[in-house]
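Summary of structural features
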Amino acid sequence: MSDCFILLSAGKSKRFKSNLNKQFISYKNKPLFEHSLKVALDSNLFKKILIVSNKKIKKKYPKNIKVIKGGDERHLSTKNALYYLKKKKIKNVFIHDAARPNISIKLLKKLKQELKKNNAVVPYLNSENSVKYKDKNKVKNLKRDKVLLTQTPQCFNFKELIDLYKTNKEKITDEASLYLNNNRKIKFILGEKKNIKITTVDDFNYLKSETYYGIGFDVHKLVKNKKLYLGGIHIPFHSGLKGHSDGDVILHSIIDGLLGAIRKSDIGTLFPSNSSKFKNIRSKNMLVPVLKLLNDNNFSINNIDINLICENPKVTIIRNKIIKSLSKLLSINKNLINLKGKTVEKLGIIGKEQAIACEVICSLSR
Ligand code: ZN
């Protein structure tokens, strides 16, 4: 006797409003249904896994995974799966909606543990919102802590569930409803918040969060009688960086990296060097419209890694000061910024302390 994981992937996605069937839409680089499939496989809890789908799946899976056809409604898909398993010596079934891609092995193990003492185990969450109930145009209050929001996988003794299905005539939305309709006992255990169900395109966009990268590079000549600015602060040094602005190579590289990640061309396009408007501008002021662009387009910074390429000043001495300044200018935690120093073995004009270069990579999320 073994356990079977039934992955329901045959829904019509009526509320999803996309041409694609939602279970097959690409989420974090693979079809949505394959996420829970992988968790079920990795858990090693199941001798058999059934994918119930109305769309042909061409991919070859390991032998313990079978694909069968679903029904027109969710409960009919479950019924197909249970009837398919009739003679396969199954003890328990875990029935899971493919639209919940973030199940965990931890939850599967908890459910399995509870099945030792119970015939039906269902995960739930309490409602965090106040709940009202509408009954014939009259809206009533419900006590929030008495409301159970049921999730999947819902787990059952196979024999008991198939017997209930055989006599069921109603259109049920989950197996827990079938149990309750028949006055059967269910053990409810706390589910996981991240085990969220993707119902609409909005849910999907909210969950998928995209990552982008941008690269920046800059070099300026060092000249006498100019102040040196790096990362937005003044660094005492024998020379300063020559440029249309204050020549801050770190900030210029960061600006280019950020613009690269959000695909808005480069610093020269935003601040043309032939415009007198930007003459002698402090580079930290150039950062302001760039950060606004990020904010307006819902980007946030994951991390920034910087290589400062110079013989002197020594990065070990100025590192903490620069990171502190950048953290303030970018409004991000210091832990998200890394600054490395790189000398060039005294080669070329950088080696002769006549120029400083910088390269940066920025990672952003949307
Ligand atoms: Zn520059």
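All figures in this text were calculated on a predicted structure; none of them were measured in a lab. (Residues numbered from 1 in each chain as written. Predicted model: local features only at pLDDT ≥ 70, side-chain atom pairs only at ≥ 80, totals over all residues. Heavy atoms only, no water.)

Looking at the pattern of salt bridges
Let me state the cut-off plainly: Take a side-chain nitrogen of Lys or Arg and a carboxyl oxygen of Asp or Glu: if they are within 4 Å of each other, that pair is a salt bridge. A run of H or I in DSSP becomes a helix once it reaches four residues, and a run of E becomes a strand once it reaches two; helices and strands are each numbered from the N terminus. The cut-offs for exposure are 20% and 50% of the maximum accessible area for each residue type, with area from a 1.4 Å probe on protein chains only; residues under the lower value are buried, those over the upper are exposed, and the others partly exposed.
In total, this model carries 14 salt bridges according to the counting rule given. Between glutamate 73 and lysine 171 there is a salt bridge; the shortest N-O distance is 3.7 Å. Separated by 98 residues along the polypeptide, glutamate 73 in the loop between β5 (65-69) and α2 (74-85) and lysine 171 in the loop between α4 (158-167) and α5 (175-181) bring together distant segments of the chain. Its relative accessible area of 27% is what places glutamate 73 among the partly exposed residues. A salt bridge links aspartate 305 to lysine 340; its shortest N-O distance comes to 2.7 Å. With aspartate 305 in strand β17 (residues 300-309) and lysine 340 in strand β18 (residues 337-342), the pair connects residues that are 35 residues apart, well separated along the chain. Aspartate 305 sits in the partly exposed class, given a relative accessible area of 23%. Here lysine 340 falls in the partly exposed class, since its relative accessible area comes to 32%. Salt bridges sharing partners connect three or more residues here, namely Arg74, Asp97 and Glu175.

Observations concerning the coordination of the zinc ion
The line we're drawing: Atoms of type N, O and S within 2.8 Å of a metal are treated as its donors, and for Na, K and Ca the window is 3.2 Å; water is not considered, so some sites may appear to be missing partners.
At the metal site, the zinc ion is ligated by Asp218 (OD), His220 (NE2) and His252 (ND1), and these contacts range over 2.0 to 2.1 Å. All donors of the zinc ion belong to a single chain; written as a sequence motif, their spacing is D-x1-H-x31-H. You can see histidine 220 sitting in strand β13 (residues 211-223) and its partner histidine 252 sitting in helix α7 (residues 249-261), a full 32 residues away along the chain. Residues histidine 220 and histidine 252 agree in their burial class; the two are buried.

Some details on helix α1 (residues 32-43)
Quick reminder: α-helices carry 3.6 residues per turn. Residues three or four places apart thus point the same way. Among the twelve residues in α1, nine count as buried, and that is most of the element. Within α1, burial applies to Leu32, Phe33, Glu34, His35, Ser36, Leu37, Val39, Ala40 and Ser43.

Comments concerning the environment of lysine 314
The criterion, for reference: Residues adjacent in sequence count toward polar contacts only when both atoms are side-chain atoms; beyond that, a polar contact is any pair of N or O atoms within 3.5 Å, and within protein one must be able to donate a hydrogen and the other to accept it.
Within the secondary structure, lysine 314 is located in the loop between β17 and α10 (315-330). Classification of lysine 314 as partly exposed rests on a relative accessible area of 39%. Within the local environment of lysine 314, its side chain forms a polar contact with the backbone oxygen of glutamate 311, the two atoms lying 2.7 Å apart.

So, the sheet that holds β18
In sheet architecture, strand pairing relies on hydrogen bonds along the backbone and comes in two forms, parallel and antiparallel. Our working rule: Strands pair, by our definition, only if DSSP identifies at least two bridges between them. In what follows, a contact means two residues having at least one pair of non-hydrogen atoms within 4.5 Å. To get an axis, fit a line to the C-alpha atoms, keeping to the stretch in contact for a helix; angles then go from 0 to 180 degrees between the N-to-C directions.
In spatial order, the strands read β16-β13-β19-β17-β18; together these five strands make up an open sheet with mixed pairing. Each end of this open sheet is capped by a strand with a single partner; those strands are β16 (240-241) and β18. With eleven bridges joining them, β13 and strand β19 (residues 355-365) adopt antiparallel strand pairing. Note on β19: the bridge partner recorded for glycine 214 is cysteine 362. Across the sheet, α7 touches β13, β16, β17, β18 and β19, and the angle it forms with β13 is around 155°. In this fold α10 packs onto β17 and β18, with an angle of close to 145° to the strand it touches most, β18.

Remarks on the domain arrangement of the protein
Worth spelling out the cut-off: The domain limits used here are those given by an automatic or database domain assignment.
By domain assignment, the protein separates into domain 1 (2-206) and domain 2 (211-365). Spacing between the C-alpha centres of domain 1 and domain 2 amounts to 51 Å.

What about the pairing of strand β11 (residues 154-157)?
Alternating positions in β11 separate into two faces, Gln154 and Phe156 on one and Cys155 and Asn157 on the other, with burial throughout. One ladder, built from four bridges, connects strand β6 (residues 90-97) with β11; its direction is antiparallel. When the bridges of β11 are listed, phenylalanine 94 appears paired with cysteine 155. Pairing geometry for strand β7 (residues 120-126) and β11, over two bridges, is antiparallel. Looking at β11, one finds that valine 121 is bridged to cysteine 155.

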